[in-house]
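Read off the chains here:
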Amino acid sequence: MAPSYQKSRAMFEEAQHYIPGGVNSPVRAFKSVGTTPPFIARANGSRIWDVDGNEYIDYVCSWGPLILGHRHPAVIHAIQRCLERGTTYGAPTDLELTLAQMVCEALPSVEMVRMVNSGTEATMSALRLARAYTGRNKIVKFEGCYHGHHDSLLIKAGSGCLTHGVPTSPGVPEDIAGSTINARYNDMELLEKIFSEAGNDIAGIIVEPLAGNMGVVPPANGFLEGLRELCNKHGALLIFDEVITGFRLSYGGAQAYYNVMPDLTCLGKIIGGGLPVGAYGGSREIMQMVSPAGPVYQAGTLSGNPLAMSAGIATLEQLQQPGVYQELDRRSALLAQGMAQAARAAGVPVSLNRVQSLQCSFFTKHPVTDFASASTSNTNDYATFFRSMLEQGIYLAPAQFEAAFISTAHTDNDIERTVEAAFNAFKAVAEG
Ligand code: PMP
């Protein structure tokens, strides 16, 4: 029997009267997959349930923070313990100190860190700092990388901007857009040209060390090393946006995984354990420029929020357990193998990229190495696939250009069920 979405549909209808598009973040509206979103009522482990009572195996995991799955007991317990003592004080706490220490110990390039409330805030603040430190204005970013929605970086961005076709948003002043230079992911030649022309004006390069907002696109051999060298040569800062990859690719993030050290690192998602958090950090020399230690202003009413710090600390403690990343990798590999097999069986060309617990099945026969090759994906086929998976109780990202997130809560049985569903869904694609 086809699942009913009656209550969700009524709520979505109503929500559109009060919230633009009915959602508080664009991709949640399911626009590009030609359906409407289930409204979620509760979650546990690898599962979520909607208001109509439908159960799903969840591969969105709140877009990355929930590497331990939903309602991990250690995280819930830490939040509850903290809640008994209050929700926010607007004053320093030991929790901020603990999480800052954990972050600095985990990430090889980070000596000091400042907590903020979102990934957007982290990258916005990191750019301000890079500009202040270098005394330069221009920033290089890569087409298809998404770093949040502030003016400087909302240019040829990934994620919802790709899905909703917004290369540069109206409302971004031209002179701000003009200080952002777009480059191509994995293309060192173009970058060298950019630096040979504008090297003295470039404050920094911001990059997702593994791109997770145009699907999943790993850095080519030597790409991150090339960025490092270019920045050294021209006195620019290398900024890794590890909002997705931090504590995801390894406990030391992408920088430890690929062994390339940035000057500044942006974090979010996992370090908040499912509560709103972001952070940016780097060497003591650079971070000492941030107010009140230095002149670069940046502040936040709820920054370092105790509940978020508690959830983050509890999450990182779990990730310190031996074997966690090996196990995530094994399960993710199992899913990738199953997906590839299911696609082959149905004769649907799919190009699958996977690194650790991040993966994306692109509906294209071309290898995906950058934005242009990602764009060869057939998004209509993805939409068909997505809807079939949803009806079978598998909740994937509602857009082609997003990652699937595997958590420690996903069991081998979950993955088996997902692959079974994928056989049917690919068949539906093949049948058009
Ligand atoms: N950077 C990256 C790499 C991201 O994936 C995201 C969000 N998905 C952001 C920054 C922005 O984070 P937030 O949505 O918390 O503002």
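Values in this document were obtained by computation on a predicted structure and should not be read as measured data.

S.K.: Which residues make up the overall build of the chain, and what are the values?
M.R.: Within the chain, the regular secondary structure consists of 15 helices and 14 strands. A compact globule built from 432 residues should have a C-alpha radius of gyration of about 22 Å, and the chain, at 21 Å, falls within 12% of that. Principal-axis analysis of the C-alpha atoms places the extent of the chain at approximately 65 × 55 × 45 Å. Each of the 432 residues in the chain was classed as buried or not, and the buried ones make up 53%.

S.K.: I'd like a rundown of the UniProt feature "modified residue: N6-(pyridoxal phosphate)lysine" (unreviewed entry) in the chain, residues and numbers included.
M.R.: Annotation from UniProt places "modified residue: N6-(pyridoxal phosphate)lysine" (unreviewed entry) at K269. Once residues within four sequence positions are removed from consideration, K269 is found in contact with G64, P65, G119, V243 and I244.

S.K.: Explain the sheet that holds strand β8 (residues 237-241) to me, using residue names and the numbers behind them.
M.R.: Hydrogen bonding along the main chain pairs the strands of a sheet, whether they run parallel or antiparallel. Strand order across the open sheet formed by seven strands is β4-β10-β9-β8-β7-β5-β6, with mixed pairing between neighbours. Looking at which strands have only one partner, the edges of the open sheet turn out to be β4 (112-116) and β6 (180-183). Sheet twist, expressed as the mean angle between neighbouring strand axes with direction ignored, is 20°. Its contacts with the sheet place helix α7 (residues 188-198) against β5 (138-142), β6 and β7 (202-207), and it is angled at close to 150° to β6.

S.K.: Residues and numbers for the sheet that holds strand β12 (residues 358-362), please.
M.R.: With antiparallel pairing, the three strands of this open sheet are ordered in space as β11-β12-β14. This sheet does not close on itself; its edge strands, each paired only once, are β11 (351-355) and β14 (404-405). Pairing between β12 and β14: two bridges, direction antiparallel. Directly across from L358, in β14, lies its bridge partner F405.

S.K.: Lay out the confidence of the model for the chain with the relevant residues and their values.
M.R.: Overall, the predicted model of the chain reaches an average pLDDT of 96, with 98% of residues at or above 70. Within the chain, strand β9 (residues 264-268) carries the highest mean pLDDT (99), whereas helix α5 (residues 160-163) carries the lowest (67). The ipTM, which scores confidence in the relative placement of chains, is 0.99 for this predicted complex, and the corresponding pTM is 0.97.

S.K.: Would you mind going over the nonpolar core in detail, with residue names and values included?
M.R.: Among the nonpolar cores identified, the biggest contains 131 residues, and V103, A126, A130, I205, L237, I239 and A279 are the most heavily contacted of them. The element contributing the most residues to this core is helix α11 (residues 306-319), with eight residues. Shared between two domains, this core takes at least three residues from each, and those domains are domain 1 (6-71 + 322-430) and domain 2 (74-319). Leave out the neighbours within four places in its chain, and A130 touches A203, G204, L237, I239 and L264.

S.K.: An account of the domain arrangement of the chain is requested, with residue identities and associated values reported.
M.R.: In terms of domain boundaries, the chain breaks down into domain 1 (6-71 + 322-430) and domain 2 (74-319). Summarising the inter-unit geometry, the C-alpha centres of domain 1 and domain 2 are found 25 Å apart. With 32 residues of domain 1 at the interface, the matching set in domain 2 holds 37 residues. Listing elements by their share of the side of domain 1 that touches domain 2, those giving two or more residues are α12 (324-346), β11, β12 and α13 (371-374). Its residues assigned to classes, the side of domain 1 that touches domain 2 shows 18 nonpolar, nine polar and five charged.

S.K.: Residue-level account of the site of the ligand, with values.
M.R.: Near the ligand lie 17 residues; those nearest to it are S118, G119, T120, G148 and V243. Of the residues belonging to the shell around the ligand, the class tally is four nonpolar, eleven polar and two charged.

S.K.: An account of the packing of helix α2 (residues 73-83) against α11 is needed here, citing residue identities and associated values.
M.R.: Viewed as axis vectors pointing N to C, α2 and α11 meet at an angle of 150°, and their least axial separation amounts to 8 Å. It follows from the interaxial angle that α2 and α11 lie roughly antiparallel. Crossing angle aside, the handedness with which α2 passes α11 is right-handed. Along the contact surface, α2 presents A74, V75, A78, I79, C82 and L83, while α11 presents P306, L307, S310, A311, I313, A314, T315, E317 and Q318.

S.K.: If you had to explain the packing of α7 against helix α8 (residues 223-234) to someone new, which residues and values would you point to?
M.R.: One way to put it is that α7 packs onto α8 with a least axis distance of 11 Å and a crossing angle of 10°. Comparing their axes, α8 and α7 come out roughly parallel. For the pair formed by α7 and α8, the contact residues are M188, L191, E192 and F195 on the first element and F223, G226, L230 and H234 on the second. Residue composition of the contact of α7 with α8, grouped by class: five nonpolar, two polar and one charged.

S.K.: Talk me through helix α14 (residues 379-391); I want residue IDs and the actual numbers.
M.R.: Compared with the 18 Å implied by 1.5 Å per residue over 13 residues, the 18 Å span of α14 between its first and last C-alpha is a close match. Among the residues making up α14, those that are buried are D381, Y382, A383, T384, F385, F386, M389 and L390. On its buried face, α14 sits against β13 (394-395) and α15 (412-430). Once α14 ends, the next one or two residues include G393, with phi positive near 85°.

S.K.: Account for the pairing of strand β10 (residues 278-282), naming residues and giving values.
M.R.: Taken residue by residue, a regular strand's side chains alternate between the two faces of the sheet. β10 sits mainly inside the fold: five of its five residues count as buried. Where burial is concerned, the two faces of β10 agree: the one with G278, Y280 and G282 and the one with A279 and G281 are both buried. Both β4 and β10 contribute to a ladder of five bridges, which runs antiparallel. What sits directly across from V116, in β10, is G278.

S.K.: Summarise unusual backbone geometry; cite the residues concerned and give the values.
M.R.: Following S291, the chain continues into P292 via a peptide bond in cis, with omega recorded as 5°. Considering the arrangement of structural elements, one finds P292 in the loop between α10 (284-287) and α11. A positive phi angle is found at N186, which is not glycine, with a value near 70°. Examined against the element boundaries, N186 turns out to sit in the loop between β6 and α7. A positive phi is found at Q356, a non-glycine position, where the angle reads about 50°. Mapped onto the elements, Q356 comes out in the loop between β11 and β12. Among the residues examined, Q356 registers 20 C-beta atoms within 10 Å and is labelled buried.

Rules and cut-offs
- As a convention, each chain's residues are numbered from 1 in the sequence order in which they are written.
- At least 70 in pLDDT is required for a residue's local features to be given in this predicted model, at least 80 for side-chain atom pairs to be given and counted, and no such filter applies to totals for whole chains, interfaces and linings, which use all residues.
- Secondary structure follows DSSP: runs of H or I at least 4 residues long count as helices, runs of E at least 2 residues long count as strands, and numbering of each begins at the N terminus.
- With the radius of gyration taken over C-alpha atoms, the globule rule is written as 2.2 Å times the number of residues to the power 0.38.
- Counting other C-beta atoms within 10 Å of a residue's C-beta gives its exposure: the residue is buried at 20 or more, exposed at 12 or fewer, and partly exposed in between, where C-beta atoms are placed from the backbone.
- UniProt positions are given in the numbering used here, feature names are shortened, and annotations may be inferred rather than shown by experiment.
- Any pair of residues counts as being in contact when their C-beta atoms, constructed from backbone geometry, are within 7 Å of one another.
- Strands pair, by our definition, only if DSSP identifies at least two bridges between them.
- Lines fitted to C-alpha atoms define the axes, with helix axes restricted to the stretch in contact, and inter-axis angles between N-to-C directions lie between 0 and 180 degrees.
- The predictor rates its confidence in each residue with pLDDT, a number between 0 and 100.
- Buried Ala, Val, Leu, Ile, Met, Phe, Trp, Tyr and Cys residues whose C-beta atoms connect them within 7 Å together make up a nonpolar core.
- For the domains described, the bounds stem from an automatic or database domain assignment.
- In the scheme used here, Gly and all other residues not listed as nonpolar or charged are polar, with Ala, Val, Leu, Ile, Met, Phe, Trp, Tyr, Cys and Pro taken as nonpolar and Asp, Glu, Lys and Arg as charged.
- Any residue qualifies as near a molecule or strand once its backbone-derived C-beta atom lies within 6 Å of it.
- An angle counts as roughly parallel when it lies under 35 degrees, as roughly antiparallel when it exceeds 145, as roughly perpendicular when it falls between 65 and 115, and as oblique in every other case.
- Throughout, a crossing is termed right-handed when the near helix is turned clockwise from the far one, and left-handed when it is turned anticlockwise from it by less than a right angle.
- Multiplying one less than the number of residues by 1.5 Å gives the expected span of a helix.

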